[in-house]
Amino acid sequence: MRTERVIPGLPCRDLDDVLPFYTALGFEVTYRQQRPNPFASVRRGGIELHFFSVPEFDPKDSMGTVVVVVPDTMVLHAAFAAGLRAEYGKVPVSGIPRMTRPRAKQGMTGGFTVVDPGGNWLRISRLDETEENAEQPKGRLGRALAAAARQADSHGDVEAGIRLLVNGLARHADAPPADRFPALVYLAELHHRTGDHTSATASLTEAQALPLTPTDREALATDLAAATEIATELNLQTPTE
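Residues numbered from 1 in each chain as written. Predicted model: local features only at pLDDT ≥ 70, side-chain atom pairs only at ≥ 80, totals over all residues. Heavy atoms only, no water.

Asker: I keep staring at the overall build of the chain and nothing clicks. Help me out?
Answerer: Looking only at helices and strands, the chain features 8 helices and 9 strands. Taking all 241 residues of the chain together, the buried fraction comes to 47%. The contacts in the chain between residues at least 6 apart in sequence include a share of 60% that link residues at least 24 apart. On the chain, roughly 12,500 Å² of surface is accessible, and the fraction owed to carbon and sulfur atoms is 53%. (Helix = DSSP H or I, 4+ residues; strand = E, 2+ residues; numbered from the N terminus. Buried < 20%, exposed > 50% of the residue type's maximum accessible area, 1.4 Å probe, protein only. Contact = heavy atoms within 4.5 Å. Areas by Shrake-Rupley, 256 points an atom, 1.4 Å probe, with all protein chains shown as cover.)

Asker: Would you mind going over helix H2 (residues 73–88) with me for this structure?
Answerer: Quick reminder: α-helices carry 3.6 residues per turn. Residues three or four places apart thus point the same way. When the terminal C-alpha atoms of H2 are compared, their 22 Å separation across 16 residues agrees well with the 22 Å that a helix rising 1.5 Å per residue should span. Inspection of H2 places Thr-73, Leu-76, His-77, Phe-80, Ala-81, Gly-83 and Leu-84 among the buried residues, and these make up the whole buried set. The buried residues of H2 all sit within an arc of 165° when viewed along its axis, so they share a single face. Exposed residues pointing more than 90 degrees away from the buried face of H2 are listed as Val-75 and Ala-86. One side-chain oxygen at the N-terminal end of H2 lies 3.0 Å from the backbone nitrogen of Met-74; it belongs to Asp-72. (Expected span 1.5 Å × (residues − 1). Arc of directions from axis to C-beta. Polar contact = N/O pair within 3.5 Å; in protein donor to acceptor, adjacent residues only side chain to side chain.)

Asker: Is there a simple way to think about the packing of aromatic side chains in this case?
Answerer: Aromatic ring pairs: the centre-centre distance and the angle between the two ring planes describe each pair. Applying the stated rule across the entire model yields 6 aromatic pairs. Ring geometry for Tyr-22 versus Phe-27: centroids 5.2 Å apart, planes at 90°, classification edge-to-face. Residue Tyr-22 shares its accessibility class with Phe-27, and that shared class is buried. Here the aromatic rings of Tyr-22 and Phe-51 are separated by 5.0 Å at their centres, their planes lie at 45°, and the arrangement is tilted. Of this pair, Tyr-22 sits in helix H1 (residues 15–24) while Phe-51 sits in strand S4 (residues 47–53), placing them 29 residues apart in sequence. A single burial state applies to Tyr-22 and to Phe-51, both of which are buried. (Phe/Tyr/Trp six-rings, centres within 6.5 Å; stacked < 30°, edge-to-face > 60°.)

Right under this line is the structure:
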């Protein structure tokens with residue numbers, strides 16, 4: 001029987017910054033105090049986090065990181081996204097706080113990241129995932145996409161992710177539409193994160209113009225949904241299927 005238990009303590013500027021965000025994600029506030037030191041704890045299933053506030057703390061300087069291992073990252077992401085939309089009207093994809101979409105990366109499959117209002121990173125990965133059993137990206141653009149996701153989502157270097165995608169799309173201009181579509185959608189997402197809505201619109205428009213077959217659309221259902229969501233955020237018209 002395992003008796004060990006580890007609960008991370010994370011910084012924030014104010015408890016009222018982080019607690020509403022976590023309740024939107026489906027966490028329960030299990031404890032809160034203001035004196036002698038502001039402190040709170042939250043729990044959602046087997047995920048428990050503690051927070052302490054430092055008034056002069058800047059979330060942009062946070063180095064707080066927690067690895068969260070779950071049986072199904074897609075299910076958890078869907079629950080988190082539904083809670084954020086209900087509370088804030090959208091899923092924030094840029095700035096602080098934000099949440100990335102589940103995406104295959106080098107050495108991992110389908111993980112995603114949540115950055116809370118305190119600047120702390122929750123890195124969500126699948127329970128049985130290792131470098132050995134992770135599904136390998138398919139095709140030349142698939143490898144470029146996985147490398148870009150590693151840089152932009154895992155390391156937080158969005159500009160590096162953009163460069164990898166731009167170079168990959170140019171180098172593999174002859175890749176089939178089903179390979180180009182997810183790369184262009186992710187490029188649009190990264191441009192959107194940086195606030196470059198002109199480039200985001202151009203990438204998304206190029207993706208929407210690709211001739212996808214019904215089989216392609218079935219295989220790319222997640223990317224098509226992401227394209228629709230980004231188009232809505234950019235106030236673009238989505239093509240009629």
